[in-house]
Each structure stands twice: as C-alpha cells, then as structure tokens.
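# Commentary on secondary and tertiary structure
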Amino acid sequence: MAILQILSTTKGDKTQQAVLHRPTEPVTKFDESLTHLVEDLIETMKNDIICIGLAAPQVGISLQVAVVCPDRDFSNVKVLINPANIIKSGKKDIKRESCMSLPDLGGNVERRKRLSVDVRTLAGGTATLQFEGFEARAAAHELDHLSGTMYSDKADTLVALDFDAIRSKLSG
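Our subject in this report is the structure included herewith. Note that the structure is a prediction, hence the values are computed from the model and not measured.

Another aspect to go through is the side chain of R111. Note on placement: R111 falls in strand β4 (residues 102-120). A distance of 2.6 Å separates the side chain of R111 from the side chain of E97, its partner in a polar contact. Within the structure, R111 has its side chain in polar contact with the side chain of D144 (distance 2.9 Å). For R111, the residues in contact, after removing those within four places along its chain, are K91, K92, D93, E97, R137, A140, H141, D144, Y151 and K154.

Structure (structure tokens):
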C-alpha cells in the first residue's frame, strides 16, 4: 500500500486542475490493480486525520472509484466503484464542506440527507449502498468528484480555513 499525492486546485498546475474537473471513466478491469488502487486510497485517507473520503481523480487517476469513511473506522470503509442509479432523498441540508484538493478553504453546500447508489464490488459484482446524514454528505461529495464537480462549484462562497489547526485539534 502507498500514500498517494493528492492533487490541489489551489496549489497545483493547470493539468492537476483539469484532472479534477474532468468526468471519470468507468472501471472495466476488476483485478489486482483495482484492489491496489482502493487500498492506496484508503491508506492515503488514513494518513491525514481530516480526510474522510477520497476519489481517484484526487490522486490523478480518472476512474470511477472513491472511498468514504466519515467516522474514520477503517474496518467500515464504503467503496464506490462505477456508481449508478444515484437517488438523493430526504430533507435538504446546508452544511460547510471542505476538500483535500482545495486545502484551507470551506464553503456551504446544500445536499439531501439520504443517498442510495448502486455500485460494483471489487470482485465485479453489484451492491446497493445506503447513506444517511453526514455519511450521505460525504458520499455525495466524493460522487461529485467522479463527475468532475468540486464542492466549490456548488458553494455560495468560500471561506478561509486553517487545515493545520484543525489537524492539531483533532490529534490531541
């Protein structure tokens, strides 16, 4: 497993920005390389205490793969591969979001409180995942990455955040 470099729209070059705003391609090979990618995404997420989800385009890979773990219980990571039939329901909710690819910024985004999505498994099978509350928000955020959308495209305004201060607070 490897810790991958996360692309940034604020610190990266135009190529990195283009990757983050490009819709991803479906996974066609359900093999060891896909398993390694998912493991590397999880390892990268584990490496930063404020990271609760990560999508393949954030590490420069234009595939429909994301991982979500808002409670940071890494025995229960949700893996989103080739998401389809995304159903958003429930009450609308506006909350502040941030993103590893937009460091030190945050913005309010409106999302629904429930989400259902059909995904492929690592072995190529199918499953339906259900998300509610904060987990639904995190999953929707990562699904947006797979379509080339950043939360900043949906936020009314962006505000400065201090990611290092947040990391320090969470660490101890």
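Structure shown, so let's carry the discussion forward.
Here the focus is unusual backbone geometry. Located in the positive-phi region is N85, a residue other than glycine, with phi close to 50°. Note on placement: N85 falls in strand β3 (residues 78-99). In the Ramachandran plot, D104 falls in the positive-phi region, its phi being about 65° despite a non-glycine side chain.

Residues I49, I166 and L170 make up a contiguous nonpolar surface patch of about 230 Å² in total accessible area. Inspection of the secondary structure puts L170 in helix α4 (residues 163-171).

A separate point is the nonpolar core. With 19 residues, the main nonpolar core has L41, V65 and V67 as its most contacted residues. Elements supplying a minimum of two residues to this core: α2 (32-46) and β2 (65-68). Broken down by element, this core gets its largest block of residues, six residues, from α2. Discounting chain neighbours no more than four positions away, the residues touching L41 are L4, L54, A55, A56, V59, V65 and V67.

Moving on to the environment of L20. Looking at where L20 falls in the secondary structure, it is placed in helix α1 (residues 14-20). Between the alpha carbons of L20 and T126 there is a distance of 26 Å; along the sequence they are 106 residues apart. Each residue touching L20, except ones within four places of it in the same chain, is listed here: L7, S8, T9, P57, Q58, S101, G148, T149 and M150.

About the criteria used
- Residues numbered from 1 in each chain as written.
- Predicted model: local features only at pLDDT ≥ 70, side-chain atom pairs only at ≥ 80, totals over all residues.
- Heavy atoms only, no water.
- Helix = DSSP H or I, 4+ residues; strand = E, 2+ residues; numbered from the N terminus.
- Polar contact = N/O pair within 3.5 Å; in protein donor to acceptor, adjacent residues only side chain to side chain.
- Contact = heavy atoms within 4.5 Å.
- Patch = residues over 30% accessible without salt bridge, like charges linked within 9 Å, V, L, I, M, F, W, Y side chains within 5 Å.
- Areas by Shrake-Rupley, 256 points an atom, 1.4 Å probe, with all protein chains shown as cover.
- Salt bridge = Lys/Arg side-chain N within 4 Å of Asp/Glu carboxyl O.
- Core = buried A, V, L, I, M, F, W, Y, C linked by side-chain atoms within 4.5 Å.
- Buried < 20%, exposed > 50% of the residue type's maximum accessible area, 1.4 Å probe, protein only.

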